[in-house]
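Coordinate inspection notes
One-letter residues, chain by chain:
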Amino acid sequence: MSGPVIEVRDLRKTYGSGDTAVHALRGLNLTVGRGEYLAIMGASGSGKSTLLNILGCLDVPTSGSYLLDGIDTAEFDESRLSLLRNRKIGFVFQSFNLIPRTTALANVELPLVYAGVKRAERRERAHAALELVGLLDRAHHAPNELSGGQQQRVAIARALVTSPAMVLADEPTGNLDTASSREVLGILDRLNAIGRTVVLITHEDEVAEHASRTVRVVDGQVAEVLV
Amino acid sequence: MRLLEIGVFAVRGVTANKLRSTLTTLGILIGVASVILLIAVGNGASTAVQQSIAGLGTNILTISPQRGTPQSASSAKPLTVADATALADRTEAPDVKSASPVSSVAATASFQGTSYSVPQFVGTDPAYFETTNSAVANGNLFTADDVLQARKVVVLGATVATSLFPSTDPVGNAVLVNNIPFTVIGVLATKGSSGLQDSDDLAVSPLTTVQNALTGYGGLTQIVVQATSADSLPAAQAQATTILNGRHRIGAGQTADYRMLSQEQLLTARTATTDTFTVLLASVAAISLLVGGIGITNIMLVTVTERIREIGIRKAVGAPKSTILGQFLLEATMLSLFGGALGVAAGVIGSQFTIAGIKPVVVPSSVLLAFAVSALIGLFFGSYPASRAASLRPIEALRHE
Ligand SMILES: Nc1ncnc2c1ncn2[C@@H]1O[C@H](COP(=O)(O)OP(=O)(O)OP(=O)(O)O)[C@@H](O)[C@H]1O
Ligand SMILES: [Mg+2]
């Protein structure tokens, strides 16, 4: 497989219908190569999150095609989609989305459990992922006992624990201070360095500078490609 | 993904939010316990009524004079002691065990200034006590010899005894009945009330004494006949009819000058009461099941709605729908079974106490019904919303408020 990981053609997403319909994506085209580090920028409400959710197979487009590794995702059934989300994609949410009242370790282990990985190996890999984000000492803390930056790092550890081919991050540094942002970006940089495809959404130019390529979304379309 | 892992998730889900799980368990517990307890109380009340009816005896015939039959106004014969003796004849009436002549009257009894009007001052023979299931609680019953000698002795019913002797032991004391002194020789054990009538509100003396002192030697009020067993009651009734018709010269087709009623006929008349109780019981069961069911539904819906975001997170990291469903089904099962078991325990323990004067009697089928219905409701409303949520796209579940 040498083609692009992501190939999006004429992607449209409409929320609601009739007079109140919101056209979040209006015929968007995008190609992301293997091992690329892409930053998506754009004004608030321009459709960035909508796009990333579709790329992460968390949502489906109204029309248009999304080819993942050359295969149209519209052909996948529900069980195939959960398999994709589990094995191929690591998703980092702006609002962390950790399971409450559950330790950091258990949260990181979660995708491995659904992947059917044995207990001992699961422990080991979850520990390694937490170590990578520098939170091994917080393994047994619940999310409400962690700072925002620490929660985001746990979420990143969860996204990368399955060694997915691509990591999608929606404003991963949006809620973090400069120091925490730097740590989180450092982790993403290292992931990209070992060959993972990284796509992140950001409002900050300094963050976008980490990427090898930046696209700007305006009104649900890719307006210009900045290099 | 093995079953064990789903089990671990379910246990974690239950233990992660202890307050939520406790409330859910409590909801089911209250539902199950209230159904069991309410039905037990209803059943206890119905059992009490039935027992007091059965306490009257099912092998009894009561013969009383028929008053006001037009054609027999002149020829009507009163019931006599001789009639009673004839009814007890072994060869003529082999199925009759005993026949007690009864002459009863309302009388005023007094002791040391306290007076009490006894609605039934009964004069009879000793067999009467066995026939009416009356046991002595204190002292003695009178004997055949007392009847022969017409001794002025009396056995008091519990109500009469407590009214006249609130603090002292009545046995050995003399009470004045219509100003005639009677020695109290015993007190009957309480039988409770059957319907409106208090069966402890009476006093019993030898027939001869009562006739001597109070009623005179006219006709009897009643003859109480006891058959040898409940099964031989129809035979005893036939024999008694033949004997009395012979003695009172009543030919075929003529109206008798006496009335014969079996306790069974009285029982049939009172089945209406029992039917009312059954209907009451059924409505109590239905209402408590409904109330319990709504409570369980409520808590389960709240619990699952609260966790739709969690379902979204699990889907986002690649959980298949079936696994999520399994976890929530298992959680609902654990809480329902646990809450149900505690509810059964609470209901059964609660039924050991007397509630509002009624001793509850647990109906085994109500335990099963309450447990099954609650568990099913818990299971359904614990897993159905979860299955709806698991069918959503991850992003929809995550956005759920
Ligand atoms: N579930 C939804 N229902 C209706 N409209 C929606 C929904 N989600 C998003 N939208 C609308 O779609 C448009 C694009 O939203 P989106 O979240 O993709 O923007 P964004 O570029 O990520 O903005 P931000 O930078 O503020 O995160 C917005 O106008 C938004 O109001
Ligand atoms: Mg957004």
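Reading guide: rules and limits
- Position labels on residues start from 1 in each chain and follow its written sequence.
- Labels follow written order: the first chain is A, the first ligand is 1, and so on.
- In keeping with the model being predicted, local features are shown solely for residues with a pLDDT of at least 70 and side-chain atom pairs are shown and tallied solely at 80 or more, while totals for entire chains, interfaces and linings include all residues.
- Where side-chain values are given, they derive from all heavy atoms of the structure, hydrogens and water being excluded.
- UniProt positions are given in the numbering used here, feature names are shortened, and annotations may be inferred rather than shown by experiment.
- Neighbouring residues are identified by heavy atoms, a residue being near a molecule or strand if any of them is within 4 Å of it.
- In protein, a polar contact requires one atom able to donate a hydrogen and another able to accept it; more generally it is a pair of N or O atoms within 3.5 Å, and residues adjacent in sequence count only if both atoms are side-chain atoms.
- For every accessible area listed, the method is Shrake-Rupley and the probe measures 1.4 Å; residues are considered covered only by the protein chains on display.
- In this description a helix means any DSSP run of H or I spanning at least four residues, a strand means any run of E spanning at least two, and both kinds are numbered starting from the N terminus.
- Residue count minus one, scaled by 1.5 Å, sets the expected span of a helix.
- Per-residue accessibility, obtained with a 1.4 Å probe over protein chains only, is compared with the maximum for each type, and a residue is labelled buried under 20%, exposed over 50%, and partly exposed between these values.
- Picture the helix axis, draw a direction to every C-beta atom, and the arc is the one those directions span.
- Throughout, a contact is declared for two residues whenever any of their heavy atoms are within 4.5 Å.
- By buried area we mean how much accessible surface two parts lose on assembly, using a 1.4 Å probe and totalling the loss over both.
- Counted as salt bridges are all cases of a side-chain nitrogen of Lys or Arg within 4 Å of a carboxyl oxygen of Asp or Glu.
- By this definition, two strands are paired if DSSP reports at least two bridges between them.
- Look down the strands so they point away from you; if going from the first strand over the helix to the second traces a clockwise path, that crossover is right-handed.
- Geometry is summarised by axes, namely lines fitted to C-alpha atoms with helices restricted to the contacting stretch, and by angles between N-to-C directions that run from 0 to 180 degrees.
- By definition in this entry, angles of less than 35 degrees are roughly parallel, angles greater than 145 are roughly antiparallel, angles of 65 to 115 are roughly perpendicular, and the rest are oblique.
- By definition, turning the near helix anticlockwise from the far helix through less than a right angle yields a left-handed crossing, and turning it clockwise yields a right-handed one.
- Each residue is assigned to one of three groups, with Ala, Val, Leu, Ile, Met, Phe, Trp, Tyr, Cys and Pro labelled nonpolar, Asp, Glu, Lys and Arg labelled charged, and all others, Gly among them, labelled polar.

The name given to chain B in an unreviewed UniProt entry is Putative ABC transport system permease protein, and the organism recorded there is Umezawaea tangerina. Taken directly from UniProt, the Sequence similarities (unreviewed entry) text for chain B runs: "Belongs to the ABC-4 integral membrane protein family."

The name an unreviewed UniProt entry gives chain A is Putative ABC transport system ATP-binding protein, with Umezawaea tangerina as the organism.

**Section: the site of ligand 1**
Not every one of the 14 residues close to ligand 1 is listed here, only the nearest: Ser44, Gly45, Lys48, Ser49 and Thr50 of chain A. In this structure ligand 1 sits where residues from chains A and B come together. In the environment of ligand 1, an oxygen atom lies 2.8 Å from a nitrogen or oxygen atom belonging to the backbone of Gly45 of chain A. Here an oxygen atom of ligand 1 sits 2.7 Å away from a polar atom, N or O, in the side chain of Ser49 of chain A. For ligand 1, whose unbound accessible area comes to 630 Å², protein coverage reaches 65%. For the shell around ligand 1, the elements supplying multiple residues, two or more each, are β2 (22-32) and α1 (48-55) of chain A.

**Considerations on helix α6 (residues 178-193) of chain A**
Residue and element names in this part refer to chain A. If you check α6, its first and last C-alpha atoms are 22 Å apart, about what 16 residues at 1.5 Å a residue would give, namely 22 Å. Those residues of α6 that sit buried are Ser180, Ser181, Val184, Leu185, Ile187, Leu188, Leu191 and Asn192. Axial view of α6: buried residues confined to an arc of 150°, hence all on one face. α6 presents Thr178, Arg182 and Ala193 as exposed residues on the side facing more than 90 degrees away from its buried surface. On its buried face, α6 sits against β3 (37-42), α4 (119-132), α5 (148-160), β7 (166-170), β8 (197-201) and α7 (205-208). The positive-phi residue at the C-terminal boundary of α6 is Gly195, with phi of around 100°.

**What to know about the interface of chain A and chain B**
With 24 residues of chain A at the contact, the number on the chain B side is 23 residues. Both sides of the chain A and chain B interface together cover about 2,300 Å² of buried area, and 59% of this is carbon and sulfur. If you sort the residues of chain A by the area they bury against chain B, Leu58, Arg101 and Tyr114 of chain A come out on top, with a joint share of 28%. Here Glu78 of chain A ties to Lys315 of chain B by a salt bridge, and the two come within 2.8 Å at their closest N and O atoms. By residue number, the principal contributor to the side of chain A that touches chain B is helix α3 (residues 104-114) of chain A, which donates five residues.

**Section: the pairing of β8 of chain A**
Residues and elements named next belong to chain A. Across the five residues that make up β8, a large majority, five, are buried. Both β3 and β8 contribute to a ladder of four bridges, which runs parallel. Bridge pairing links Tyr37 to Val198 in β8. Sheet analysis places β7 next to β8, joined by five bridges and oriented parallel. When the bridges of β8 are listed, Met166 appears paired with Thr197. Handedness of the crossover is the feature at issue here: the chain leaves β7, passes through α6, returns alongside β8, and the resulting connection is right-handed.

**Overview of the sheet that holds strand β1 (residues 6-15) of chain A**
Residues and elements named next belong to chain A. Strand order across the open sheet formed by four strands is β2-β1-β4-β5, with antiparallel pairing between neighbours. Sheet topology places β2 and β5 (71-72) at the edges, where each strand pairs with a single neighbour. Taken together, the five bridges between β1 and strand β4 (residues 63-68) define a ladder with antiparallel strand orientation. Along β4, the bridge assignment pairs Ile6 with Leu68. Packing of α1 onto the sheet brings it into contact with β1, β2 and β4, and relative to β1 it is tilted by some 120°.

**Considerations on α1 of chain A**
Residue and element names in this part refer to chain A. Buried residues dominate α1, accounting for seven of its eight residues. When we look at burial in α1, the residues that qualify are Lys48, Thr50, Leu51, Leu52, Asn53, Ile54 and Leu55. Looking one or two residues past α1, Cys57 carries a phi angle of roughly 60°, positive in sign.

**Overview of the environment of Leu81 of chain A**
Residue and element names in this part refer to chain A. Here Leu81 lies in helix α2 (residues 78-87). Separated by 24 residues in sequence, Leu81 and Cys57 have C-alpha atoms that sit 6.8 Å apart. Discounting residues that sit within four places of it in the chain, Leu81 has contacts with Cys57 and Phe76.

**Concerning the packing of α3 of chain A against helix α1 (residues 3-16) of chain B**
The interhelical angle for the contact between α3 of chain A and α1 of chain B, taken along N-to-C directions, is 150°, at an axis separation of 12 Å. By the criterion of interaxial angle, the relationship of α3 of chain A to α1 of chain B is roughly antiparallel. For the pair α3 of chain A and α1 of chain B, the sense of crossing is left-handed. Judged by residue contacts, Ala106, Leu110, Val113 and Tyr114 of chain A of α3 of chain A engage Glu5, Phe9 and Arg12 of chain B from α1 of chain B. Here the contact of α3 of chain A with α1 of chain B is built from residues that sort into five nonpolar, no polar and two charged.

**A short note on the pattern of salt bridges**
Summed over all chains, the structure comprises 23 salt bridges over all chains. Arg34 of chain A is paired through a salt bridge with Asp69 of chain A; the nearest N and O atoms lie 3.0 Å apart. On the criterion of sequence distance, the pair formed by Arg34 of chain A in the loop between β2 and β3 and Asp69 of chain A in the loop between β4 and β5 is long-range, its members being 35 residues apart. Assessed through its relative accessible area of 40%, Arg34 of chain A is described here as partly exposed. Here Glu310 of chain B makes a salt bridge to Arg307 of chain B, at a shortest N to O gap of 3.1 Å. Ionic contacts of the salt-bridge type, sharing partners, join the residues Lys13 and Asp59 of chain A together with Arg393 and Glu396 of chain B into one network.

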